[in-house]
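# Reading the structure
Take a look at the letters that make up each chain.
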Amino acid sequence: MTQPEQDAELSVPTIGGQRVGGRISGEATVTSADGAPLVDEPILAAHLIGIGGAGMSGIARLLLARGAVVSGSDSRDSPVLTGLRAGGAAVFIGHSADQVPAGSTVVISTAVRPDNPELLEAREKGLRVLHRSEALAALMTGRRPVAIAGTHGKTTTTGMTTVLLRECGLDPSFAIGGELTEGGQGAHDGSGDIFVAEADESDGSFLLYRPEVAVITNVEPDHLDHYGSAEAVEAAFVEFSQKVVPGGMVVGCGDDPGVRRVLEQAHDELAGHAVRICRYGLGEDNDVRLVDLEETPEGVQFAIEARPDGTRIGPVTLRVPGVHNALNAVAAWCVARHFGVSGAPALTAVRSFGGTRRRFEDKGTEHGVRVVDDYAHHPTEVRAVLKAARAVVGEGRVLAVFQPHLFSRTRIFADDFGAALSLADEVVVLDVYAAREDPEPGVTGELVSNAVRLPQSQVAYRATAAAAVEEVVARVQKGDLVLTIGAGDITTLGPAILAALRHSDGEHRSA
């Protein structure tokens, strides 16, 4: 695929070769490739296919809060669906054409296959079909959007930005691809005029937003099943930065080589539209610097220096570990400063951030073994979370339990995953979580386990969850930290490991 063809594909999301939404007229919070608005009518009734997903459930909550009639379907029940039912949504388990209400706007994600019976029914009835990002953009209408993107860290940074603004009294609306540990919310319709949204780059749909502030945490090759090349990934982020409205701001991590290249390419156009660039990071050439960094078992402590006046604020200790989280907090601080929140109160508010679900989420401790769950599913993320775990565990060991996510990602990054997992003391690898993909011959979790650079006795490939739990229980010692890692259903392993430890005799737990 040539670069112009790639860019054209990214401009408007498609599923199964079909454009997702109709190009309609109206207020331009979100526009098509030619600048015309995509959604002109409010969504008064919506049917969400895959309503239990992190992004889709957030949209459902926002629609419910605004008085829309909401229905949806998913393949299996979950606590998320229980909460949506309690909020007034009609939720079906399984997909069937007769579940699609007449007159509804049907909302889908890229994960919905073209032959889904509800999607086929919607098209047969001539119903409006919107991609998840189009629906979210419609909900941003009339607000001041903050779109937070990046290969890694966008969920946590979105959560931090939301908590920071909320603690400073601004009550933003938000949509996060996860849930805040405080209150368990992933979305909220706030009374303020700011809307903070996680901008998903996986299918190019983040190019539909026209934010006042865009945050880019990092840019690395990922989702190559969609983009095809690392150059196409960077080109998409360049276009994303250029979507910022005149007078807005792009906040980017200046320590990240990909972000630096993106900002260099976008610089002239941004300057022509009076869009400011704020670079943050550890490097001395950044506009906002992270200084006096110290990692402890309790979290990470740091201070901030801001140019050009040399303002210094801190120290502050985050309740979540890792240098990567300190950088995410600085990005959130930059956003808050744009909206008039003075530096010191903003940084103080960051202290209240307790994390998001599945981001170094503590699941419990049994027989002196602590279990933590994390959503990391890219080699850089795995490396970062293992470094954070090492700082937290002190003299103990780190046992990583990893479930690769997507066959394409496993095939492309197997060696990189192996290298990242080598930061652990012991590694157990499960089979690939397929998600939206069909199996690929020869692509299993064993590709990753074979690439781990540890002695063979310290690495195991166990294809099933039950076998992985048994392997973990056989290996752990008192003082260890067990880290379950991946974007699939590995999140269920933490409770299973704790239950198995609880019912074991614990005699072999001594270090």
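This report concerns the structure included in the present document.

So, how was this worked out
- Residues numbered from 1 in each chain as written.
- Predicted model: local features only at pLDDT ≥ 70, side-chain atom pairs only at ≥ 80, totals over all residues.
- Heavy atoms only, no water.
- Pairing = 2+ DSSP bridges.
- Helix = DSSP H or I, 4+ residues; strand = E, 2+ residues; numbered from the N terminus.
- Contact = heavy atoms within 4.5 Å.
- Axes fitted to C-alpha atoms, helices over the stretch in contact; angles between N-to-C directions.
- Phe/Tyr/Trp six-rings, centres within 6.5 Å; stacked < 30°, edge-to-face > 60°.
- Buried < 20%, exposed > 50% of the residue type's maximum accessible area, 1.4 Å probe, protein only.
- 1 Å grid on protein atoms, 1.4 Å probe; cavity = no way out; pocket = protein on both sides within 12 Å on 5 of 7 lines; lining within 4 Å.
- Points joined across faces, edges and corners; volume = space filled by probe spheres on them.
- Nonpolar A, V, L, I, M, F, W, Y, C, P; charged D, E, K, R; others polar.
- Right-handed = clockwise from strand over helix to strand, strands pointing away.

## Considerations on the sheet that holds strand β9 (residues 173-175)
An order of β10-β9-β11-β8-β12-β13-β14-β15-β16-β17 is seen for the 10 strands of this open sheet, with the pairing classed as mixed. Where the open sheet ends on each side, the last strands, each with one partner, are β10 (187-188) and β17 (311-318). As paired elements, strand β12 (residues 213-216) and strand β13 (residues 249-253) share 4 bridges and run parallel to each other. Residue pairing for β13: Val-213 is matched across the bridge by Met-249. Contacting β8 (144-149), β9 and β11 (194-198), helix α5 (residues 132-140) crosses the sheet at an angle of about 165 degrees to β11. Along the sheet face, helix α6 (residues 154-167) touches β8, β9, β11, β12 and β17 and points at about 160 degrees away from the line of β11.

## Structural notes on the packing of aromatic side chains
Applying the stated criterion across every chain yields a total of 3 aromatic pairs. Where Phe-206 meets Phe-237, the ring centres are 5.2 Å apart and the plane angle is 75 degrees; that geometry is what we call edge-to-face. Placement of the pair is Phe-206 in the loop between β11 and β12 and Phe-237 in helix α8 (residues 230-241), with a sequence separation of 31 residues. We note that Phe-206, like Phe-237, is buried. Between the aromatic rings of Phe-206 and Phe-240, the centroid separation amounts to 4.8 Å while the plane-to-plane angle is 15 degrees, which identifies the pairing as stacked. Placement of the pair is Phe-206 in the loop between β11 and β12 and Phe-240 in helix α8, with a sequence separation of 34 residues. Among the aromatic residues, ring-to-ring pairing joins Phe-206, Phe-237 and Phe-240 into one connected group.

## A closer look at empty space enclosed by the protein
Throughout the structure, instances matching the rule amount to 1 cavity of 30 Å³ or more. Its volume calculated, the largest cavity comes out at about 50 Å³. As for the largest cavity, its lining consists of Asp-222, His-223, Leu-224, Asp-225, Leu-406, Ser-408, Arg-409, Ile-412 and Phe-413. Secondary structure elements with two or more residues in the lining of the largest cavity: α7 (224-227) and α13 (407-421). A total of 4 residues in the lining of the largest cavity trace back to one element, the largest contributor, which is α13. Considered class by class, the residues forming the lining of the largest cavity number 4 nonpolar, 2 polar and 3 charged.

## Describing the pairing of strand β20 (residues 398-402)
The side chains of a regular strand alternate, first on one face of the sheet and then on the other. Here β20 lies mainly inside the structure; 5 of its 5 residues are buried. Covered by surrounding structure in β20 are Val-398, Ala-400 and Phe-402 together with Leu-399 and Val-401, the residues of both alternating faces. Two strands pair when backbone bridges link them, and β20 and strand β23 (residues 481-485) are joined in this way by 5 bridges, in the parallel orientation. Across the sheet, the residue bridging to Leu-399 is Val-482, located in β23. Across 4 bridges, the pairing between β20 and strand β21 (residues 426-429) is parallel. Across the sheet, Ala-400 pairs through a bridge with Val-427, a residue of β21. A crossover links β20 with its parallel partner β21, the connecting element being α13, and its sense is right-handed.

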